[in-house]
Structure formats: structure tokens, C-alpha cells
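Commentary on secondary and tertiary structure
Chain residues, written in single-letter form:
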Amino acid sequence: MPVVSPSKIVCVGRNYAEHAKELGNVLPEKPLLFFKPPSAIIGHGEAIVLPPESERVEHEGEIAVVIGKRIRRASADEARAAIGGITCANDVTARDLQKTDGQWTRAKGFDTFCPVGPRVVPADAQTDLTTIEVCCRVNGQERQHGRSSEMAFSIPFLLSYISTIMTLEPEDLVLTGTPAGVGPLMAGDVAEVEVSGVGVLTNPVEAGR
Ligand code: ZN
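Residues numbered from 1 in each chain as written. Predicted model: local features only at pLDDT ≥ 70, side-chain atom pairs only at ≥ 80, totals over all residues. Heavy atoms only, no water.

Per the stated rule, a full pass over the model turns up 14 salt bridges. Note that Asp 91 is salt-bridged to Lys 36, the shortest N-O span being 2.6 Å. Of the two residues, Asp 91 is situated in the loop between strand 7 (83-90) and strand 8 (93-94) and Lys 36 in strand 2 (residues 32-36); the sequence distance between them amounts to 55 residues. The exposure class of Asp 91 is buried, given its relative accessible area of 0%. With a relative accessible area of 2%, Lys 36 lands in the buried category. When the shortest N-O distance is used, the salt bridge between Lys 108 and Asp 91 registers 2.9 Å. Of this pair, Lys 108 sits in helix 4 (residues 105-109) while Asp 91 is found in the loop between strand 7 and strand 8, placing the two residues 17 residues apart along the sequence. As far as the burial class goes, Lys 108 and Asp 91 line up, both buried. (Salt bridge = Lys/Arg side-chain N within 4 Å of Asp/Glu carboxyl O. Helix = DSSP H or I, 4+ residues; strand = E, 2+ residues; numbered from the N terminus. Buried < 20%, exposed > 50% of the residue type's maximum accessible area, 1.4 Å probe, protein only.)

Spelled out as C-alpha cells, the structure:
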């Protein structure tokens, strides 16, 4: 069962310099935002299903923030105080469709493309948001490793920025971007995303039809 039921999932693209570079992009001057639909959420242990429409589905291990209090046009300090918790997420992406479509709705939005969990760890004002580590493994082999200190835009800044556009509601999820090392997922693989202090989110990968 998923650990959250958000009204929306707001994601940040290209928030780590090395990841922007590996896909041939530069760091954006302002946060690059996109959505994933809540229907894409699956929980710990549930299968990521590879859609037949894509020939290249990739993992993106990310630190996810769960909103605890409603905010609109919040300062960075107010946004920080509105964090409910931290969890692991996998921003599963059909990389071929991301390139051909321009808009990323299809590439990021397939059912099962947003594993989240295995639990939400509460965050408060004492929680150090600059030293969170994220790691992604496929079949036990490390593919990605990053730290929140390497983000182009910090977590409080991101939440403040997003809240100038849309009201963030309790349980809304913000995926804060992926470090370098994205790569393909194949049927039979097991994808893991580990966030320090949270645990490991594990999902098998299946072929869809
Ligand atoms: Zn991502």
C-alpha cells in the first residue's frame, strides 16, 4: 500500500549538475517543474510495469518531501516549517518518449511510474535537510548516489518557489530531482532507492502489455 495519498506530485528536473550534464542539459536558472499523476503511485514491493509504448524506461532515485501543512506563497522558512516528512521515490521515466514528446506528461505519467515508500519519516525544524543522501541500486548494483547538499536549489527554496505557483496541501509530494547515473530498467530487474534515515524502497520490474 502506498504511504501517501497526495492531491498532486510536483517534480523538479535537472536539480543536480552532474545529472543535467549526463543528459546534455545545462542547469536551469529557475527550478524546472513538472507533474506526475497520483495514479502513478505504487508502494514498496509493488511492480514497476514497463509499458509497450516505450523502449527505454529508466530509474531516477530521489529524495521526496511530504507536505505537512498547507502553504501558499510561503517564504523559505515558512516552507521548511510546513514539511511533514521525508521518504524515498523513484521518478520512473520513459526516456525515449521524454525526448520525442517535448511535454513530459506521457514519459513521466504511466501507471506504476511513481514508487514511493517504504515509510515517511517525520521531519521537524531540527532535521538537517542538507545532509540527506540518496542512492539507487539495480539488482544490488549501485547506479546513483547523491546528497541534498549537491542540489542546485535547496529543499526549502523549492517548496517556497512551488508555493508561489500552486497551494501545497498536506500529503502533497515533491520529488526533488535525481543525481547522475540514470539508466535502463529491464523486466526481471529489482530497483531500490535508499534515502538516509528513511530506508530502502524496493520494486521489481515487469514487462507490461
Ligand atoms: Zn526526476
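Attention now goes to the sheet that holds strand 5 (residues 57-59). Spatially, 8-5-13 is the arrangement adopted by the three strands of the open sheet, whose pairing is antiparallel. Since the sheet does not close on itself, it has two edges, and those belong to strand 8 and strand 13 (183-184), each with one partner. Note that strand 5 and strand 8 share two bridges and pair antiparallel. The partner of Val 57 across the bridge, within strand 8, is Ala 94. (Pairing = 2+ DSSP bridges.)

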